Amino acid sequence: MSQDELKKAVGYAALEYIKPGMMVGVGTGSTASYFIDALNTMKEDILGTVSSSIASTEKLERLGIKVFDCNEVDSIDVYVDGADEINPALKMIKGGGAALTREKIVAAIAKKFVCIADQSKVVDVLGKFPLPVEVIPMARAYVARRLVTLGGTPIYRQGIKTDNGNVILDVHNLSIIDPIALEKEINSIAGVVTVGLFSQRGADVALIGTSDGVKTLTLK
Ligand SMILES: O=C(CO)[C@H](O)[C@H](O)COP(=O)(O)O
């Protein structure tokens, strides 16, 4: 199966976690886009959705799926989203699609986070995928210098503005042995909006698309 077929398989497999009357958090990216296609088949049954990006909101609304503003909802039953990397502890790197801040907000509100990813995203140690950091534009050079002191090589993602009007630094050459400590440390740098490490709030379940079918990973 191609990588795209594996993404589609997990996007549809996530429907298993969606029950009638639920408020559903919707992620961003090509795998999450397949989940939106799947969700379309039961759009009459759910209460509605909360979206993590303008792109996902536009697709949901095009399909006639109700999208609520985050501030209108008290809780989200399930959040379904992709990842750039996921480790066996279900901690992730996200933000390859520049939606990390809104994704982190929706994940924080959700009772359950279901990560959907093809097998190429599973790693033992996070950090091969450059770690995205959303930064207030005026702090870009300062934050980059601080990231260098942490051992990384930050590269400015040229020509990209996030949905929040900020910029992204992609940090190369990190081997992330202690994701929770690094998440806290990068988040404490002035000018950082969010780091794309999802370790304090990781996934609860991961559906991994493999050539032998969809595998389910949970925390031991
Ligand atoms: O974090 C994300 C967007 O900010 C995506 O979930 C991540 O980049 C995976 O994308 P894809 O499903 O297209 O491989």
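Just so we're clear, the structure is a prediction, and the values are computed from it rather than from any experiment.

Peer 1: What am I meant to see in the site of the ligand here?
Peer 2: Close to the ligand lie 17 residues, the nearest being Ser-30, Thr-31, Asp-84, Gly-95 and Lys-121. Here an oxygen atom of the ligand sits 3.3 Å away from a polar atom, N or O, in the main chain of Gly-82. Backbone polar atom of Gly-97 to an oxygen atom of the ligand: 3.2 Å apart, as the coordinates give it. Within the complex, 92% of the 380 Å² of free accessible area of the ligand lies under protein. Among the residues making up the shell around the ligand, the classes are represented as three nonpolar, eight polar and six charged.

Peer 1: Quick question: what am I supposed to make of the sheet that holds strand β11 (residues 192-195) here?
Peer 2: Either a parallel or an antiparallel arrangement is found when strands of a sheet pair, and the pairing is made through backbone hydrogen bonds. Strand order in this open sheet of four strands is β9-β10-β8-β11, and the pairing throughout is antiparallel. Sheet topology places β9 (153-156) and β11 at the edges, where each strand pairs with a single neighbour. If you compare each strand with its neighbour and ignore which way they point, the axes differ by 30 degrees on average. Direction of pairing for strand β8 (residues 131-135) relative to strand β10 (residues 167-172): antiparallel, over a ladder of five bridges. Each bridged residue has a counterpart across the sheet, and for Leu-131 the counterpart in β10 is Val-171. The strands touched by helix α6 (residues 179-187) are β8 and β11; relative to β11, the strand with the most contacts, the crossing angle is about 165 degrees.

Peer 1: Just to check I follow, could you spell out the UniProt feature "active site" (unreviewed entry) in the protein chain for this structure?
Peer 2: Here the UniProt-annotated "active site" (unreviewed entry) positions come out as Glu-103. Along the chain, the position of Glu-103 falls in helix α4 (residues 100-109). Setting aside anything within four residues of it in sequence, one finds Glu-103 in contact with Thr-28, Ser-52, Tyr-79, Asp-81, Lys-94, Gly-95 and Phe-198. Separated by 3.2 Å, the side chains of Glu-103 and Lys-94 make a polar contact.

Peer 1: I'm lost on the sheet that holds strand β12 (residues 197-198) in this one. Help?
Peer 2: Strand order across the open sheet formed by three strands is β5-β6-β12, with antiparallel pairing between neighbours. Each edge of the open sheet is held by one strand with a lone partner, namely β5 (85-86) and β12. Where β5 meets strand β6 (residues 92-93), two bridges bridge the pair, whose relative direction is antiparallel. The residue bridging Glu-85 from the neighbouring strand is Ile-93, located in β6.

Peer 1: It is not clear to me how the packing of aromatic side chains should be interpreted in this structure. Could you clarify?
Peer 2: Remark: the centre distance and the inter-plane angle together describe each pair of aromatic rings, the angle taken between the planes. A full pass over the atoms with the stated rule returns one aromatic pair. Summarising the aromatic geometry, the rings of Tyr-79 and Phe-113 are spaced 4.9 Å apart at their centres and angled 65 degrees between planes, so their arrangement reads as edge-to-face. Within this pair, whereas Tyr-79 is found in strand β4 (residues 76-81), its partner Phe-113 is found in strand β7 (residues 110-118), the two being separated by 34 residues in sequence. Side by side, Tyr-79 and Phe-113 carry an identical accessibility label, which is buried. We note Lys-94 situated over the ring of Phe-198; from NZ or CZ to the ring centre the distance is 5.6 Å. Over the ring of Phe-198 we find Lys-104; its NZ or CZ atom is 5.2 Å from the centre of that ring.

Peer 1: What's the story with the nonpolar core in this structure? I'm lost.
Peer 2: As a rule of thumb, nonpolar side chains are buried together in soluble globular proteins. Counting residues in hydrophobic clusters, the biggest one holds 23 residues, and the most contacted among them are Ile-18, Val-24, Phe-35, Leu-39, Val-80, Ile-116 and Leu-207. Secondary-structure elements contributing two or more residues to this core are β1 (23-26), α2 (30-40), β4, β7 and β13 (205-210). At four residues, the largest contribution of residues to this core is made by α2. Ile-18 has contacts with Val-24, Phe-35, Leu-39, Met-42, Ile-46, Val-78 and Val-80, leaving out every residue within four places of it along the chain. Judged by nonpolar contacts, the second largest core, of 21 residues, contains Leu-126, Val-135, Ala-139 and Leu-174.

What counts, and where the lines are drawn
For every chain, the first residue of its written sequence is number 1, and the numbers climb from 1 along that sequence. Reporting in this predicted model follows two pLDDT cut-offs: at least 70 for local features of residues, and 80 or more for side-chain atom pairs to be given and counted; totals over whole chains, interfaces and linings ignore these cut-offs and use all residues. By convention in this description, side-chain values take in all heavy atoms of the structure and omit both hydrogens and water. By convention in these notes, a residue is near a molecule or strand provided one of its non-hydrogen atoms lies within 4 Å of it. Side-chain atoms alone can form a polar contact between residues adjacent in sequence; in general such a contact is a pair of N or O atoms within 3.5 Å, and within protein one must be able to donate a hydrogen while the other accepts it. Computed with a 1.4 Å probe, the accessible areas rest on the Shrake-Rupley method; for each residue, only the protein chains presented here act as cover. Under the convention adopted here, Pro, Cys and the residues Ala, Val, Leu, Ile, Met, Phe, Trp and Tyr are nonpolar, Asp, Glu, Lys and Arg are charged, and Gly plus all remaining residues are polar. One bridge is not enough; two strands pair if DSSP finds at least two bridges between them. Put simply, DSSP H or I for four residues or longer makes a helix, DSSP E for two residues or longer makes a strand, and each gets a number counted from the N terminus. All axes here are fitted lines through C-alpha atoms, helices being fitted over the stretch that makes contact, and every angle between N-to-C directions spans 0 to 180 degrees. The contact rule is simple, with two residues in contact once any of their heavy atoms fall within 4.5 Å. UniProt positions are given in the numbering used here, feature names are shortened, and annotations may be inferred rather than shown by experiment. Only centres within 6.5 Å qualify two rings of Phe, Tyr or Trp (six-membered ring in Trp) as a pair; their planes then separate them into stacked at under 30 degrees, edge-to-face at over 60, and tilted for everything else. The buried label applies to any residue whose accessible area, calculated with a 1.4 Å probe on protein chains only, is under 20% of its type's maximum; exposed applies above 50%, and partly exposed to all values in between. Two conditions define a charge located above a ring, namely a distance within 6 Å from the ring centre to NZ of Lys or CZ of Arg, and an angle within 35 degrees of the ring normal. The nonpolar core is taken to be a set of buried Ala, Val, Leu, Ile, Met, Phe, Trp, Tyr and Cys residues, with the residues joined through side-chain atoms within 4.5 Å.

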